[in-house]
Amino acid sequence: MIRKTVMRYVILCYVLVFRDISERIRRRFPTYNHLVPSLLTEAEKKRIENEDIKRVYWMPIEWATQLLKKCYKKGQIDEYHFGVLCETIMKFREMMHNLLSYDWVNVPLVYTQVMLNPFGLDEDDFEIDMLIERNLQIGYSYVESMYERLPPLVHVDVAALPHTKASMALIKQANPMVGSVANVNVPRAEQQVISKEDVELIRKLVASMALIKQANPMVGSVANVNVPRAEQQVISKEDVELIRKLVGPRFGRRFDYFQDKDKTDNVNLTKPHSTKSENDETQALIVSQKR
């Protein structure tokens, strides 16, 4: 009686959820009265009708767990099976809640290829009506007709199973059911067993090599920069001195590179080259000072 009641509560939760998400089930059970007496008693129906609609789905789950707890306290079920049954029932409750969540979320119309409600009346929808019947029959059979009713134990030779002509034709296409490297042969030279000391030595060497790869190479940041061959030509000392004078501290301004007095090739880095406009400005400044 207890086993059957727990199973009935689980299936009742299943039906209560699908009453609100499947039009097919809603038409079959439009009211709670249609669940009496197959899944509900009159007392249970009154308790459901007086509860908030948000809790109606989970009341049978609460009844099932409370009934199991009562059996556990009486010693009718051990601690292990009590925990397993409660955990399984709560997982079932979570799956039912997920179905409700999917039904509550409105799918945007842009996703026209999405099946909006797979529990409707279309031909390709799930046959929830049939599933309820099946779950009810299979569930009750587990706790009633099939419970502790084992067939007699006899010896049966199952070493050789029969084949038909149709099944023999498919043997070549069958999966050999072996690993992908089951037929790989290891060379004999690599089959030698190494000692434990060598294993430890190899591990240390591998670890040290890994550290070497991660270590700082202790070289400059441009140590690996290659200078083009055209720029590798050595210049003379005279050219070096000339370049130093040309790129001196006043580089970028106009200079007189030749002295007027000596007419030599010495570079004059102090006397700037003056233009006509600059000379005119200088003469005007001198005249104004004299006045």
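A short tour of the structure in this document, coming up. As the structure is a prediction and not an experimental result, all values here were calculated from the model.

**Description of the environment of Met 90**
Within the element layout of this structure, Met 90 appears in helix α6 (residues 79-104). Once the C-alpha coordinates of Met 90 and Ile 61 are considered, the two residues, 29 residues apart in sequence, prove to be 7.9 Å apart. Among all residues touching Met 90, those that are not within four sequence positions of it are Ile 61 and Thr 65.

**Quick word on the side chain of Ser 141**
Note on placement: Ser 141 falls in helix α7 (residues 128-143). Overall, Ser 141 belongs to the buried group, its relative accessible area being 14%. Reaching out from Ser 141, the side chain makes a polar contact with the backbone oxygen of Ile 138 at a distance of 2.6 Å. Beyond its immediate chain neighbours, meaning those up to four positions away, Ser 141 contacts Met 146 and Tyr 147.

**Digging into helix α5 (residues 59-73)**
When the terminal C-alpha atoms of α5 are compared, their 21 Å separation across 15 residues agrees well with the 21 Å that a helix rising 1.5 Å per residue should span. Taken together, the buried positions of α5 are Met 59, Pro 60, Ile 61, Trp 63, Ala 64, Leu 67, Leu 68 and Cys 71. Looking one or two places after α5, you find Gly 75, whose phi comes out positive at around 80°.

**Notes on the pattern of salt bridges**
Once the charged atoms of two side chains with opposite charge are near each other, the side chains can pair. Across all of its chains, the model carries seven salt bridges by this definition. As a salt-bridge pair, Glu 133 and Arg 28 come within 2.2 Å of each other at their nearest N and O atoms. Note that Glu 133 is positioned in helix α7 and Arg 28 in helix α2 (residues 23-28), a separation of 105 residues in sequence. Exposure remark for Arg 28: the relative accessible area of 32% places this residue in the partly exposed category. Put simply, Lys 91 and Glu 87 hold a salt bridge, and the shortest N to O gap is 3.8 Å. Taken together, the residues span about one helical turn, with Lys 91 and Glu 87 both in helix α6 at a distance of four residues. Classification of Lys 91 by relative accessible area gives partly exposed; the value is 49%.

So, how was this worked out
Residues numbered from 1 in each chain as written. Predicted model: local features only at pLDDT ≥ 70, side-chain atom pairs only at ≥ 80, totals over all residues. Heavy atoms only, no water. Helix = DSSP H or I, 4+ residues; strand = E, 2+ residues; numbered from the N terminus. Contact = heavy atoms within 4.5 Å. Buried < 20%, exposed > 50% of the residue type's maximum accessible area, 1.4 Å probe, protein only. Polar contact = N/O pair within 3.5 Å; in protein donor to acceptor, adjacent residues only side chain to side chain. Expected span 1.5 Å × (residues − 1). Salt bridge = Lys/Arg side-chain N within 4 Å of Asp/Glu carboxyl O.

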